[in-house]
Amino acid sequence: MQIIRDVKSLPAALAGLSRDFGTIALVPTMGALHAGHMALVKEAKRHADAVVVSIFVNPTQFGPNEDLANYPRQEAADIALLEAEGVALAWIPDVASIYPDGFDTMIRVGALADRWDGAARPGHFDGVATVVTKLINRIGPKVALFGEKDWQQLAVIRRTVADLDMAVTIIGVPTERAEDGLALSSRNAYLSDAERAAAPVLHHAIQQAARAISDGAGVADALETARAAILSGGFKSIDYVALVDADSLEPLTRFAAPARMIAAARIGTTRLIDNIAVG
Ligand code: PAF
């Protein structure tokens, strides 16, 4: 596996990959890789001849009081995982390579990015849309893959790529879960043993609400039951639990397919998100 850290040597390395293998798939990550990321890599191999993974903890998608400084970093372990999975190239740029002196342009997605996580984390999706566009522009992949765990992020990236006429296909990959249902996330590393034991209640609560709604229960009642279960199960606060249109992310007060149940809540100092299909 080639490891590239700058921007200058990328074009020659990418030309080599295209010549020797053919098409390229990009899996953008912030490192601290787990089975969820490796599922993206495995899926990427089905769509292109060579896989490029970027590892970049993107400062523009973190708010001033968020966990940028503490975000888990484990580069050696990440590289070993990618090598074992047959990744062709890992691109690990530093902040100055992505945001050099004088950088002054951000991409702002509209309504889709303003609600839910966008409301709880102002500016977050501007940072995501901007960095993903820059990563795609540098790598020039045929496809780029993202986890469905960040459902709103996936929708925002699809919107960005469509609106900016970017010649790349975005592929969403289903969420990988621990055996007890907790969605895999690099931020699970922040959880204490007691928080980790309690955390699956988030998934179970939205799963139960989704089932109830599919069986005909009222949306408001099902969401209220889910909120109560999350809070009594050990979460400190809830940012949102909602039934939304799967594409527009508009809230639904009655079930209508395609729908998604989305949730974000805080346990201790950690904010976890999850979502599932409904119906
Ligand atoms: O999902 C992530 O890990 C990040 O938001 C992404 C897409 C790599 C952009 O920094």
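An account of the accompanying structure is given in this report.

Quick notes on the rules
Position numbers for residues start from 1 in each chain and track the written sequence from start to end. Reporting of local features is limited, given that this is a predicted model, to residues whose pLDDT is at least 70; pairs of side-chain atoms are given and counted only at 80 or more, and all residues count toward the totals for whole chains, interfaces and linings. To obtain the side-chain values, all non-hydrogen atoms of the structure were used and water was disregarded. Helix and strand definitions follow DSSP, with helices as H or I runs of at least four residues and strands as E runs of at least two, each counted in order from the N terminus. Proximity is defined per residue: if any heavy atom of the residue lies within 4 Å of a molecule or strand, that residue is considered near it. Throughout this description, a polar contact denotes any pair of N or O atoms lying within 3.5 Å of each other; where both atoms belong to protein, one of them has to be capable of donating a hydrogen while the other can accept it, and for residues adjacent in sequence the pair is counted only when both atoms sit in side chains. With residues, only the protein chains shown are counted as cover, and all accessible areas are computed by Shrake-Rupley using a 1.4 Å probe. Residue polarity follows a fixed list, in which Ala, Val, Leu, Ile, Met, Phe, Trp, Tyr, Cys and Pro are nonpolar, Asp, Glu, Lys and Arg are charged, and the others, Gly among them, are polar. We call two strands paired when DSSP finds no fewer than two bridges between them. Axis angles are defined between N-to-C directions and span 0 to 180 degrees, where every axis is a line fitted to C-alpha atoms and, for a helix, only to the segment in contact. It only takes one pair of heavy atoms within 4.5 Å for two residues to be counted as in contact. Throughout, nonpolar core names a set of buried Ala, Val, Leu, Ile, Met, Phe, Trp, Tyr and Cys residues whose side chains join them through atoms within 4.5 Å. Per-residue accessibility, obtained with a 1.4 Å probe over protein chains only, is compared with the maximum for each type, and a residue is labelled buried under 20%, exposed over 50%, and partly exposed between these values. A helix is expected to span 1.5 Å multiplied by its residue count minus one. In this analysis, rings of Phe, Tyr and Trp, with Trp reduced to its six-membered ring, are considered paired at centre separations within 6.5 Å, and the interplanar angle assigns stacked below 30 degrees, edge-to-face beyond 60, and tilted for intermediate values.

### Comments concerning unusual backbone geometry
Put simply, Ala257 and Pro258 share a cis peptide bond, and its omega is 0 degrees. Take Pro258: it is sitting in the loop between β7 (237-245) and β8 (259-267). Of note, the phi angle at Trp116 is positive, near 50 degrees, even though the residue is not glycine. Topologically, Trp116 is positioned in the loop between α5 (111-114) and α6 (117-120). With phi around 55 degrees, Asp165 is a residue other than glycine that occupies positive phi space. Considering the arrangement of structural elements, one finds Asp165 in the loop between α8 (151-163) and β6 (169-173).

### Concerning the site of the ligand
Around the ligand, the neighbouring residues are Pro28, Thr29, Met30, Asn58, Gln61, Val131, Val132, Phe146 and Gln153. Between the ligand and Gln61, the relevant distance is 2.6 Å, taken from an oxygen atom to a side-chain nitrogen or oxygen of the residue. Take Gln153: an N or O atom from its side chain is 2.7 Å from an oxygen atom of the ligand. Its free accessible area being 290 Å², the ligand has 88% of it covered by the protein chains. In terms of residue class, the shell around the ligand is built from five nonpolar, four polar and no charged.

### So, the sheet that holds strand β1 (residues 2-4)
Taken in spatial order, the six strands of this open sheet run β1-β4-β3-β2-β5-β6, and their pairing is parallel. One side of each edge strand has no neighbouring strand; the edge strands of this open sheet are β1 and β6. Strand-to-strand twist across the sheet, computed as the mean angle between neighbouring axes with direction ignored, equals 25 degrees. Here strand β3 (residues 50-55) runs beside strand β4 (residues 89-91); their pairing, made up of three bridges, is parallel. Its bridge partner being in β4, Ser54 is matched across the sheet by Trp91. With respect to the sheet, α8 is in contact with β5 (143-147) and β6, its orientation differing from that of β6 by roughly 170 degrees.

### Description of the sheet that holds β8
The strands making up a sheet associate through hydrogen bonds between their backbones, and the pairing can be parallel or antiparallel. Overall, antiparallel pairing links the three strands, which are arranged β7-β8-β9 in an open sheet. A single partner strand is all that each edge strand has here, and the edge strands are β7 and β9 (270-278). Neighbour-to-neighbour, the strand axes of the sheet open up by a mean angle of 10 degrees, direction not taken into account. As defined by bridge partners, β8 adjoins β9 across nine bridges and the pair is classed as antiparallel. Bridge pairing in β9 places Ile262 opposite Asn275. Its contacts with the sheet put helix α11 (residues 219-232) on β7 and β8, and the angle it makes with β7 is roughly 150 degrees.

### Considering the nonpolar core
Core analysis: the biggest nonpolar cluster contains 48 residues, and Val52, Leu89, Trp91, Ile136, Ile139 and Ile170 have the highest contact counts within it. Within the second largest apolar cluster, 27 residues are counted, among which are Ile230, Leu243, Ala263 and Ile276.

### Focus: α11
Along its 14 residues, α11 runs 20 Å from first to last C-alpha, staying within 8% of the 20 Å computed at 1.5 Å per residue. Next to the buried residues of α11 lie α10 (201-214), β7 and β8. Just downstream of α11 lies Gly234, where phi reads positive at about 120 degrees.

### Some points on the side chain of Asn188
With respect to the helices and strands, the residue Asn188 is situated in the loop between β6 and α9 (193-198). Look at Asn188 and you get buried, because its relative accessible area is 15%. Polar side-chain contacts of Asn188 include one of 3.0 Å to the backbone oxygen of Ala183. Not counting residues up to four positions away in its chain, the partners in contact with Asn188 are Leu182, Ala183 and Leu272.

### Some thoughts on the environment of Tyr240
With respect to the helices, strands and loops of the structure, Tyr240 is situated in strand β7. Sequence separation between Tyr240 and Trp116 is 124 residues, and the spatial gap between their C-alpha atoms is 6.8 Å. Beyond its immediate stretch of four places on either side in the chain, Tyr240 contacts Trp116, Asp117, Ile262, Ala263, Ala264, Arg271 and Ile273. Of the polar contacts made by the side chain of Tyr240, one reaches the side chain of Asp117; its length is 2.9 Å.

### A word on the packing of aromatic side chains
Considering all chains together, one arrives at four aromatic pairs under this definition. Note on Tyr99 and Phe103: the rings are 4.8 Å apart at their centroids and 75 degrees apart in plane angle, and the pair reads as edge-to-face. The partly exposed category is assigned to Phe103, whose relative accessible area is 29%. Members of the aromatic cluster, each reached through a chain of ring pairs, are Phe56, Tyr99 and Phe103.

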